[in-house]
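# Observations on the model geometry
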Amino acid sequence: MGRGKSVIEFGTSKIACLTDLNERFSQSVIAGHSCARYEGIKDGTWVNKRSVFEALEVAVTNCEQQSGKQISKAVIGVPGCFCHQIMSKMVRNFPSIRLAREDVEDMLKEGRPKEISSEGYTLIDERPIYFDDCAGTETLDPPIGHKVRRLYMFSSYIYIRNSYLRFIEELLDKLSITAESYVMDQYALGLHCIPQSVRDNTAILIDVGYNETSVSCIIGSAVAVTRHFPAGGSYITSSLEKKLGVSAMLAENIKRTYIFGISPSSGGKLFAKDEFGRMHSLNQFKVDGIMNTQADKLIMHIEQIIREFTAKRFCEQGSPVYITGAGFLIKGMESYISQKLGKKVFFVKEYEKMRLSPIYSTSLALLDNRLNWGYDFNVDDDKTASPDKKGIFKLFR
């Protein structure tokens, strides 16, 4: 594959594969992309394990045919439901010497959570979030070369279930693919979708998938905390299907046709096509009631999580909200959810620059080369090639 790279994303309703033949992530057309639907993931478990390999094989094969290259290794995205992320605090007193890089590395290792069983989980990422020198200074960068008497280091540790690791490696082995690395989806999305200047403070990332929604607090170049619940875009679709007595495809098209913030007119009708291309006329008042009620329930869960983050000081009251995923891509939703949350909300649509469908949002984030750049203690920030000049530490393997 030359100097390009590939990624494989195991979403809650689809498996996506992307290949970029460029050395760096660029705003050009991706060399190969493919998506295969499958029974997916619900409540943190595979619905049907047999269907996973079938979808994976289709996604990989189609991507290889488009790019003209065989995939031998790939970065693997890990859904939040298969991860366990912990924020830890470590403190150390220092003699009257300047802080060294080894001191930070030692603190990072010492801060590893003891309650995580090595039999059940594998550590895939650990990195400092920010530092407090107990003298009124908090920084994203380590105060290396400075004299500190006492230093607090807040760090993020991301683990994945060993059962997930073994299962994915068995599938990849059948296709002669090696996992280059495992990356939690929310971490990839946070770095890819939220500008560094915003992350230098705090930001909230909401990823609305088909069967799951995750809410994360991003600080600097780390995930400080993440929560998820088993409901997403399918929650609205299934409600329309049941309450209107229509097919799943028609319900999905009703959701895509609907516009939040538009009051139904007297005798208002909404039109949408079913899986056979037949147009249906529906009562707009009834659709409006279902859409608003179900969307409000999802937003209520999100709001509760954000309140928890704010109460525990993971984020600030004014922290902006960035939304990714196809689950909430409904016309007028951006203004609707902004009003409900009382926060400034941004819908991330990086996929449009790459001429791709929104279902590839997470895959594009995984493909973004900044995930491979690490903070180098020996390289001056002005000379490093890293897209993020502050706060990114190398992955300690």
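In this convention, every chain numbers its residues from 1, walking through the sequence in written order. Only residues with pLDDT of at least 70 are given local features in this predicted model, and only at 80 or more are side-chain atom pairs given and counted; all residues enter the totals for whole chains, interfaces and linings. Hydrogen atoms and water are omitted, and side-chain values are computed over all heavy atoms in the structure.

In this section: the overall build of the chain. A helix here means a DSSP run of H or I that spans at least four residues, while a strand means a run of E at least two residues long, and both kinds are numbered starting from the N terminus. When helices and strands are tallied, the chain shows 10 helices and 18 strands. Exposure classes here rest on a 1.4 Å probe applied to the protein chains alone. A residue is buried below 20% of its type maximum, exposed above 50%, and partly exposed in between. Taking all 397 residues of the chain together, 55% fall into the buried category. Of the contacts formed within the chain by residues at least 6 apart in sequence, a portion of 67% connects residues at least 24 apart. Accessible areas in this description were obtained via Shrake-Rupley with a 1.4 Å probe; residue shielding takes into account the shown protein chains only. Of the roughly 18300 Å² of accessible surface on the chain, 47% is carried by carbon and sulfur atoms. Any two residues whose heavy atoms approach within 4.5 Å at even a single point are treated as in contact.

Topologically, Pro-79 is positioned in the loop between β6 (73-78) and β7 (83-93). Judged by its relative accessible area of 4%, Pro-79 falls in the buried class. Residues Pro-79 and Phe-10, spaced 69 residues apart in sequence, show a C-alpha to C-alpha distance of 7.0 Å. In contact with Pro-79, other than residues within four places in its own chain, are Phe-10, Ile-41, Tyr-164 and Asp-185.

Our next topic: the sheet that holds strand β1 (residues 5-10). Spatial strand order, β3-β2-β1-β6-β11: five strands in an open sheet with mixed pairing. Taken across any chain shown, the strands that pair with only one partner, and hence form the sheet edges, are β3 (32-37) and β11 (178-184). Adjacent strand axes in the sheet meet at a mean angle of 20 degrees, parallel and antiparallel pairs treated alike. Angles shown run from 0 to 180 degrees and are taken between the N-to-C directions of axes, each axis being a line fitted to C-alpha atoms and, for helices, limited to the stretch in contact. Contacts from helix α1 (residues 49-67) reach β1, β2 (14-20) and β3 within the one sheet, and its direction differs from that of β3 by about 160 degrees. Relative to β11, helix α3 (residues 162-174) is tilted by about 145 degrees, and along the sheet it contacts β1, β6 and β11. Pairing between strands requires that DSSP locate at least two bridges from one strand to the other.

Moving on, we come to the environment of Lys-343. You can see Lys-343 is positioned in the loop between α9 (333-341) and β18 (345-347). Spatially, the C-alpha atoms of Lys-343 and Gln-317 are 8.6 Å apart, while their sequence positions differ by 26 residues. When sequence neighbours within four positions are dropped, the list of residues in contact with Lys-343 reads Ile-204, Ile-306, Glu-316, Gln-317, Gly-318, Ser-319, Val-321 and Ser-338.

So, about the layout of surface pockets. To locate leftover empty space, one rolls a probe as large as a water molecule over the atoms. One number sums up the size of the largest pocket: a volume of about 710 Å³. As for the largest pocket, its lining consists of 35 residues, of which Ser-13, Gly-209, Tyr-210, Ala-326 and Gly-327 are closest to the centre. The greatest single-element share of the lining of the largest pocket, amounting to five residues, is contributed by helix α7 (residues 248-257). Residue composition of the lining of the largest pocket, by class: 11 nonpolar, 15 polar and nine charged. Cavity and pocket criteria rest on a 1 Å grid covering protein atoms alone: a 1.4 Å probe that fits but cannot get out defines a cavity, protein on both sides within 12 Å along at least 5 of 7 lines defines an open pocket, and an atom within 4 Å of a point defines a lining residue. Tyr-130, Glu-138, Thr-202, Ile-219 and Arg-313 are, among the 16 residues lining the second largest pocket, the residues nearest its centre. Split by residue class, the lining of the second largest pocket holds seven nonpolar, four polar and five charged. Grid points are joined across faces, edges and corners, and a volume is the space filled by probe spheres set on the points. Residues are grouped as follows: Ala, Val, Leu, Ile, Met, Phe, Trp, Tyr, Cys and Pro are nonpolar; Asp, Glu, Lys and Arg are charged; every other residue, Gly included, is polar.

Time to look at the nonpolar core. Here the nonpolar core consists of buried residues drawn from Ala, Val, Leu, Ile, Met, Phe, Trp, Tyr and Cys, with membership extended through side-chain atoms lying within 4.5 Å. Residues Ile-8, Phe-10, Trp-46, Tyr-164, Ile-168 and Tyr-182 are the most contacted members of the largest nonpolar core, which totals 63 residues. With seven residues, α1 is the single largest residue contributor to this core. Excluding anything up to four places from it in sequence, Tyr-164 contacts Phe-10, Trp-46, Ile-76, Gly-77, Val-78, Pro-79, Phe-82 and Tyr-182.

Here the focus is the side chain of Asp-125. On the secondary structure map, Asp-125 appears in strand β8 (residues 121-132). Of the residues examined, Asp-125 reaches a relative accessible area of 6% and is grouped as buried. Under the rule applied, a polar contact is a pair of N or O atoms within 3.5 Å (in protein, one hydrogen donor and one hydrogen acceptor; residues adjacent in sequence only if both atoms are side-chain atoms). A distance of 2.9 Å separates the side chain of Asp-125 from the side chain of Arg-127, its partner in a polar contact.

Before going further, it helps to spend a moment on helix α2 (residues 101-110). If you check which residues of α2 are buried, you get Asp-103, Val-104, Glu-105, Met-107 and Leu-108. Where α2 is buried, its residues touch β7, β8 and β10 (150-161).

Alignment of strand β15 (residues 269-273) against strand β16 (residues 279-283), held across five bridges, turns out to be antiparallel. Paired with Lys-269 across the bridge in β16 is Asn-283. Between β15 and β16, which pair antiparallel in sequence order, lie five residues; one of them, Gly-277, sits at a positive phi of approximately 85 degrees.

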